Number of protein chains: 2
Amino acid sequence: MKYIEKLRNSGLRPTKQRLKICEVLFNSEKTFHFTINELDKKIKKQISDKISLATIYNTVHAFEKKGYLKQIPINSNQTYFDTNISDHHHFYDLKEEKLIDLENADVGPINILKKINGKKIKSVEVLVKLED
Amino acid sequence: MKYIEKLRNSGLRPTKQRLKICEVLFNSEKTFHFTINELDKKIKKQISDKISLATIYNTVHAFEKKGYLKQIPINSNQTYFDTNISDHHHFYDLKEEKLIDLENADVGPINILKKINGKKIKSVEVLVKLED
DNA sequence: CACCTTTTTAGAATCATTATAAACTGCGTC
DNA sequence: GACGCAGTTTATAATGATTCTAAAAAGGTG
């Protein structure tokens, strides 16, 4: 299994559940956006054994902390995650309620001129809302 | 009352509750960020009569729909609103869990190069996360 | 004032997320 | 392989923001 080492290297035990979640998240051709609820459904479809919802929450948060997933800053009743951890931004189609990737090159350089004492910039995230 | 007309012009009846919420939101020197919970406390402090939490939710949403308030896109368990409706962005101090305004001039022009068929851009919002 | 619509309200309902505490498992050691 | 223990998983309960409900109250017009 290719994910065993990845998990071990992060100090996460490669449990059955985590390995399966890895497959669902990272084995696909394309990166994708998901909510916990959507991920839960996807897992149910792809595997026979059941993984508890609590475990899915735990795992997603663990992966996010390790940098294998990113949260997408958007106002929604559910939290959106992204398997694309490269530096990029998002369109949000208000009508379809769908996220679309915006590569960094599609946005151009962003230059934050204001500085805050003693703080450094961890990330710069752009959300572009779309309407018809 | 200076807010009566404003409300009438938006098709909102100038009720006692809405006028008081207007005062709390729009009478201050500076604009500010708030959650519903924080607004509720602020209202309790400033006025004697009680305004139901449901009314605060209703009113904030009505004001947002009319463009008197903006939601700030950020992942949090609570929704953040902004009385500053000008085109601007935000720092988010992860440690203090505090939002700081970033004027448009502090960010520089943002040029979205990618186009989506049949959709137009409604807003471009930048969130800059800060760490120590 | 009468009437009708909009608004307010308390409380219940919803729903994502987190906490709990018991059972289980990976893994190093013997 | 058995043992032991910390790290995990799990079902379930708890939490907490937000929305719903339906009845009472209040604007606004004639």
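Remember, it's a predicted structure, so these values are computed and weren't measured experimentally.

Draft legend 1. How the structure looks around the sheet that holds strand β2 (residues 70–72) of chain B. All names here are of chain B. The strand order across the open sheet formed by three strands is β1-β3-β2, and the pairing between neighbours is antiparallel. The open sheet is flanked by β1 (33–35) and β2, the only strands paired with a single partner. Direction aside, the axes of adjacent strands within the sheet are offset by 40 degrees on average. The pairing of β2 with strand β3 (residues 80–82) spans three bridges and is antiparallel. Its bridge partner lying in β3, Lys 70 is registered against Asp 82.

Draft legend 2. Broad picture of the pairing of strand β5 (residues 98–103) of chain A. Residue and element names in this part refer to chain A. The sheet contact formed by strand β4 (residues 88–93) and β5 spans six bridges and is antiparallel. Across the sheet, the residue bridging to Asp 93 is Lys 98, located in β5. Hairpin remark: β4 followed by β5, antiparallel, with four residues in the connecting loop; positive phi at Glu 97, about 55 degrees.

Draft legend 3. Focus on unusual backbone geometry. The backbone of Glu97(A) shows a phi angle near 55 degrees, a positive value even though the residue is not glycine. The residue Glu97(A) is located in the loop between β4 and β5 in this model.

Draft legend 4. Fine view of the side chain of Thr59(A). All names here are of chain A. The topology assignment puts Thr 59 in helix α4 (residues 53–66). Here Thr 59 falls in the buried class, since its relative accessible area comes to 2%. In this structure, Thr 59 is in contact with Arg 18 and Ile 21, ignoring residues within four places of it in sequence.

Conventions and cut-offs
- Residues numbered from 1 in each chain as written.
- Chains lettered and ligands numbered in written order.
- Predicted model: local features only at pLDDT ≥ 70, side-chain atom pairs only at ≥ 80, totals over all residues.
- Heavy atoms only, no water.
- Pairing = 2+ DSSP bridges.
- Helix = DSSP H or I, 4+ residues; strand = E, 2+ residues; numbered from the N terminus.
- Axes fitted to C-alpha atoms, helices over the stretch in contact; angles between N-to-C directions.
- Buried < 20%, exposed > 50% of the residue type's maximum accessible area, 1.4 Å probe, protein only.
- Contact = heavy atoms within 4.5 Å.

Treat this as a map of the structure, not an account of what it does.
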